[in-house]
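Structure at a glance
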Amino acid sequence: TAIVKAEWPAALQCLFWEQVNGFPVRYRVLYGGRGSGKSWGIARALVVLGAQKSLRVLCAREFQNSIRDSVHKVLCDQIEALGLTKFYQIEQARIFCPSTGSEFSFEGIRNNITKIKSYEGIDICWVEEADKVTKNSWEVLIPTIRKDGSEIWVSFNPNLESDDTYVRFVLHPPKNAIVQKVNWRDNPFFSPVLKQEMLDLKARDRDAYLHVWQGE
């Protein structure tokens, strides 16, 4: 079992809370603007947890034409950054931790309904770019993640208020959901390059800035 020392922004501490509103957590939802570290934070949390206990993790998105469309790369980056390369076996379409038995799989939801329904025993399902996930896809995916104590982690940059993901998790969140808005100010590792891009857009088009960087 790995012992890991890692820093966590305050806004992402919710990835480790065990209860919300008196309920065991079922959903962990991070949404907001670009540069907030949502994907980075979730990937870091999952590889730490996977090196400490056995987890079966499904990394899903609405469309995935190849593994390059998935979060495989960001997970690998965090494995390396945390010094966990000796614990993980990285394959082309799978990441595996022999010491704990943790396994990361990668799937698109749309056009892959039969395979998604076949998944069993998932502990955590991470849905990235979830603003693109349709109502029909959620209604297929959620019942699939049915193991006792299983969780669904959601990350996205908001697009339209009418998008099913925004309505489902932000406007009308379940009682057992942690919903956290995070933006660039919450990311202590926000790069100078991105900060300049953000300032340039703010000066040029404030509405676009609010949408892209503030998640509105």
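Shown above is the structure to which this text applies.
Please read all numbers here as calculations on a predicted model, not as lab measurements.

Section: the packing of helix α1 (residues 38-50) against helix α2 (residues 72-81)
- Relative to each other, α1 and α2 sit at 60 degrees, their axes nearing to 9 Å. One finds that α1 runs oblique with respect to α2. Judged by the sense of rotation from one axis to the other, the crossing of α1 with α2 is right-handed. Here α1 contributes S39, W40, A43, R44 and V47 to the contact with α2, which in turn contributes V74, L75, Q78, I79 and A81.
- Tallied by class, the residues present in the contact of α1 with α2 amount to seven nonpolar, two polar and one charged.

Describing the pattern of salt bridges
- Inspection of every chain in the model, using the stated rule, returns eleven salt bridges.
- Taking the shortest distance from any N to any O, the salt bridge between E151 and R28 comes out at 2.7 Å. Within this pair, whereas E151 is found in strand β9 (residues 151-156), its partner R28 is found in strand β3 (residues 27-31), the two being separated by 123 residues in sequence.
- One salt bridge connects D123 with K147, and the closest N-O pair in it is separated by 2.7 Å. You can see D123 sitting in the loop between α3 (113-118) and β8 (124-127) and its partner K147 sitting in the loop between α4 (135-144) and β9, a full 24 residues away along the chain.

Here we look at the packing of aromatic side chains
- Applying the stated criterion to the full structure yields nine aromatic pairs.
- Relative to F189, the ring of W40 has its centre 5.1 Å away and its plane inclined at 50 degrees; by these criteria the two rings are tilted. Of this pair, W40 sits in helix α1 while F189 sits in the loop between β10 (177-181) and α6 (192-204); the two residues are 149 residues apart in sequence, bridging distant segments of the chain.
- Assessed through its relative accessible area of 44%, F189 is described here as partly exposed.
- Plain terms: the ring middles of W138 and F169 are 5.1 Å apart, the flat faces sit at 70 degrees to each other, and that makes the pair edge-to-face. With a gap of 31 residues between them, W138 in helix α4 and F169 in helix α5 (residues 164-171) connect regions that are remote in the sequence. In this pair, the class of W138 matches that of F169, namely buried.

Digging into the side chain of N187
- Its location among the elements puts N187 in the loop between β10 and α6.
- Reaching out from N187, the side chain makes a polar contact with the backbone oxygen of G35 at a distance of 3.0 Å.

Structural notes on the packing of α4 against α5
- Between α4 and α5, whose axes approach to 8 Å, the crossing angle comes to 60 degrees. By the angle between their axes, α4 is oblique relative to α5. Contacts between α4 and α5 involve K135, W138, E139 and I142 from the former and D164, T165, R168 and F169 from the latter.
- Grouping the constituent residues of the contact of α4 with α5 by class yields three nonpolar, one polar and four charged.

Let's talk about the pairing of β8
- Residues I124 and W126 of β8 are buried on one face, and the alternating residues C125 and V127, pointing to the opposite face, are buried as well.
- As paired strands, strand β4 (residues 56-61) and β8 are joined by four bridges and run parallel to one another. In the strand pairing of β8, L58 is matched with C125.
- Both β8 and β9 contribute to a ladder of four bridges, which runs parallel. Counterpart to V127 in the pairing with β9 is V154.
- Running through α4, the crossover from β8 to the neighbouring parallel element β9 is right-handed.

Reading the values: rules and limits
- Residues numbered from 1 in each chain as written.
- Predicted model: local features only at pLDDT ≥ 70, side-chain atom pairs only at ≥ 80, totals over all residues.
- Heavy atoms only, no water.
- Axes fitted to C-alpha atoms, helices over the stretch in contact; angles between N-to-C directions.
- Helix = DSSP H or I, 4+ residues; strand = E, 2+ residues; numbered from the N terminus.
- Parallel < 35°, antiparallel > 145°, perpendicular 65-115°, else oblique.
- Left-handed = near helix turned anticlockwise from the far one by under 90°.
- Contact = heavy atoms within 4.5 Å.
- Nonpolar A, V, L, I, M, F, W, Y, C, P; charged D, E, K, R; others polar.
- Salt bridge = Lys/Arg side-chain N within 4 Å of Asp/Glu carboxyl O.
- Phe/Tyr/Trp six-rings, centres within 6.5 Å; stacked < 30°, edge-to-face > 60°.
- Buried < 20%, exposed > 50% of the residue type's maximum accessible area, 1.4 Å probe, protein only.
- Polar contact = N/O pair within 3.5 Å; in protein donor to acceptor, adjacent residues only side chain to side chain.
- Pairing = 2+ DSSP bridges.
- Right-handed = clockwise from strand over helix to strand, strands pointing away.

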